[in-house]
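Residue-level listing of the chains:
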Amino acid sequence: MLQLGADNTRLPDCDTRSAHRGAFDVIVVDSSLDQTPLIVEQEFPTVRLIHLESRTFAGAARNIGVRATKAPFCLMIDSDCIPRPDLLERMIARHREAAFAAVGGSLRNGTPKSLSGWTGYLLEFKEFIPDAPLRDVNTVPTANVTYRRETLERFGYFDDDMWLSEDVLFNWKIHKSGERILFDPAIEVTHLNRTGWKEVLSYQVSLGRCSAEARRRGGLPGDVLLRHPVLITLMPLVRLLRAAKWLARMDRKTFLMFLLISPMYLLGGCFWSVGFFKGARAASR
């Protein structure tokens, strides 16, 4: 997790490749078992690294990063994302236009030569492609978002015991309270998607299971599936039709790719539904 905070204390000579001219700090929260700490220390000495000894869920890592800075704005991207140089500048500019609780941006497909990568990308991020419109939304991916600090503090941060969907749950709390979340497609990162059918489909099971848990905790739209599990069987087709309608309106080239991979998209929806059903059963016990 990369945490960028607009702050009054600048880490000198920090190479973040950002066009933002104001002061900011960079915090990397890492719980990997590889050479990440050594790489950060050697190649980015002005970046603050918080290395955790045990594997940590993303929500918990974000909470640690937020609490490590006093920044009024906290920008978050994930380790599988490559930001545009003007990302931070655009984020802060949007926040200063209006009292947004959060501002999120688009995710460009970083695995365009992989059919499995395309499938996972569209299953997760079809509503946040670069050709999607500027609009108010009820959630944005934490792979590319900036929150006001006061928003994070007021709504109690992310649930740190959830592996996935903790961002959807947190954003729903914000939206339900009447606060605004803006999606701006010009604020862009490139997302390096999972590839390989086994990897992509098994991840859909995890997403489905955690989606059920988020609905159990927060009353998100679709919690009717928890009360009537038989409806879960319809979700793969419902999601396929929704995606077709959305992409046909937004991006013709992406829609043509969607038509090519639609059988696998439907299969991915089936795996998601299996995960959701497992999560629903666990919630009912």
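Across its full length, the protein chain carries 10 helices and nine strands. Expected size for 285 residues packed as a compact globule is a radius of gyration near 19 Å; at 19 Å, the protein chain falls within 12% of this value. Each of the three principal axes of the protein chain carries a C-alpha extent, and together these read 55 × 45 × 40 Å. With 285 residues in all, the protein chain has 52% of them scored as buried.

Considering every residue of the protein chain, the mean pLDDT works out to 90; 91% of them sit at 70 or more. Long-range and interchain partners of residues 1–19, a stretch whose pLDDT sits below 50, account for 75 contacts in this model, where long-range means more than four residues apart.

Let us now look at unusual backbone geometry. With a phi angle near 65 degrees, Tyr-157 is a residue other than glycine that sits in the positive phi range. Residue placement: Tyr-157 occurs in the loop between helix H5 (149–154) and helix H6 (166–176). Phi angles above zero are rare outside glycine, and Ser-165 is one such case at about 70 degrees. The residue Ser-165 is located in the loop between H5 and H6 in this model. Looking at Ser-165, the relative accessible area reads 12%, which means it is buried.

On to the side chain of Glu-213, then. Here Glu-213 lies in helix H7 (residues 197–218). Here Glu-213 falls in the buried class, since its relative accessible area comes to 18%. Polar contacts involving the side chain of Glu-213 include one to the side chain of Arg-216, which spans 2.7 Å. Separated by 2.5 Å, the side chains of Glu-213 and Arg-217 make a polar contact.

A word on the packing of H6 against H7. Closest axis-to-axis distance for the H6/H7 pair is 10 Å, and the angle between their directions is 35 degrees. As H6 runs across H7, the sense of the crossing is right-handed. On H7, the residues that touch Leu-169, Trp-172 and Lys-176 of H6 are Ala-214, Arg-217 and Gly-218.

Next up on the list: the packing of aromatic side chains. Going through the model one piece at a time under the given rule, you end up with 11 aromatic pairs. Ring plane angle 75 degrees and centroid distance 5.9 Å describe the contact between Tyr-147 and Phe-158, whose orientation is recorded as edge-to-face. Here the residue Tyr-147 occupies a position in strand E8 (residues 144–148), and Phe-158 occupies one in the loop between H5 and H6, the gap between them amounting to 11 residues. For Tyr-147, a relative accessible area of 0% corresponds to the buried category. The interplanar angle of 80 degrees and the centroid separation of 6.3 Å between the aromatic rings of Trp-163 and Tyr-203 together place this pair among those described as edge-to-face.

Moving on, we come to the pairing of strand E4 (residues 73–77). Among the five residues in E4, five count as buried, and that is most of the element. Where burial is concerned, the two faces of E4 agree: the one with Phe-73, Leu-75 and Ile-77 and the one with Cys-74 and Met-76 are both buried. Alignment of E4 against E8, held across five bridges, turns out to be antiparallel. The residue bridging Cys-74 from the neighbouring strand is Tyr-147, located in E8.

The next point concerns the nonpolar core. Residues Leu-122, Tyr-147, Leu-152 and Phe-258 are the most contacted members of the largest nonpolar core, which totals 54 residues. Once residues within four sequence positions are removed from consideration, Phe-258 is found in contact with Leu-122, Leu-240, Ala-243, Ala-244, Leu-247 and Tyr-265. Membership of the second largest hydrophobic core comes to 11 residues, among which are Leu-164, Tyr-203, Leu-207 and Ala-280.

Another aspect to go through is the environment of Val-28. Here Val-28 is to be found in strand E2 (residues 24–30). Of the residues examined, Val-28 reaches a relative accessible area of 18% and is grouped as buried. In the structure, Val-28 is positioned 20 residues away from Arg-48 in sequence and 6.2 Å away in space, judged by C-alpha atoms.

Looking now at the pattern of salt bridges. Following the criterion strictly, the structure yields 18 salt bridges and no others. Residue Glu-153 pairs with Arg-149 through a salt bridge whose shortest N-O separation is 3.5 Å. Taken together, the residues Glu-153 and Arg-149, both in helix H5 and four residues apart, mark about one turn of the helix. For Glu-153, a relative accessible area of 45% translates into the label partly exposed. Here Arg-149 falls in the buried class, since its relative accessible area comes to 12%. Bridged by salt links that share partners, the residues Asp-159, Asp-161, Lys-173, Glu-213, Arg-216 and Arg-217 form one connected network.

A word on the pairing of E8. In the case of a regular strand, side chains alternate between the two sheet surfaces. Within E8, five of the five residues are buried, leaving the element largely enclosed by the surrounding structure. Across the two faces of E8 the burial is the same, with Asn-144, Thr-146 and Arg-148 and Val-145 and Tyr-147 all buried. Taken together, the three bridges between strand E6 (residues 102–109) and E8 define a ladder with antiparallel strand orientation. Looking across to E8, one finds that Gly-104 is bridged to Val-145.

Calculation rules
- Residues numbered from 1 in each chain as written.
- Predicted model: local features only at pLDDT ≥ 70, side-chain atom pairs only at ≥ 80, totals over all residues.
- Heavy atoms only, no water.
- Helix = DSSP H or I, 4+ residues; strand = E, 2+ residues; numbered from the N terminus.
- Rg over C-alpha atoms; globule rule 2.2 N^0.38 Å.
- Buried < 20%, exposed > 50% of the residue type's maximum accessible area, 1.4 Å probe, protein only.
- pLDDT = per-residue confidence, 0-100.
- Contact = heavy atoms within 4.5 Å.
- Polar contact = N/O pair within 3.5 Å; in protein donor to acceptor, adjacent residues only side chain to side chain.
- Axes fitted to C-alpha atoms, helices over the stretch in contact; angles between N-to-C directions.
- Left-handed = near helix turned anticlockwise from the far one by under 90°.
- Phe/Tyr/Trp six-rings, centres within 6.5 Å; stacked < 30°, edge-to-face > 60°.
- Pairing = 2+ DSSP bridges.
- Core = buried A, V, L, I, M, F, W, Y, C linked by side-chain atoms within 4.5 Å.
- Salt bridge = Lys/Arg side-chain N within 4 Å of Asp/Glu carboxyl O.

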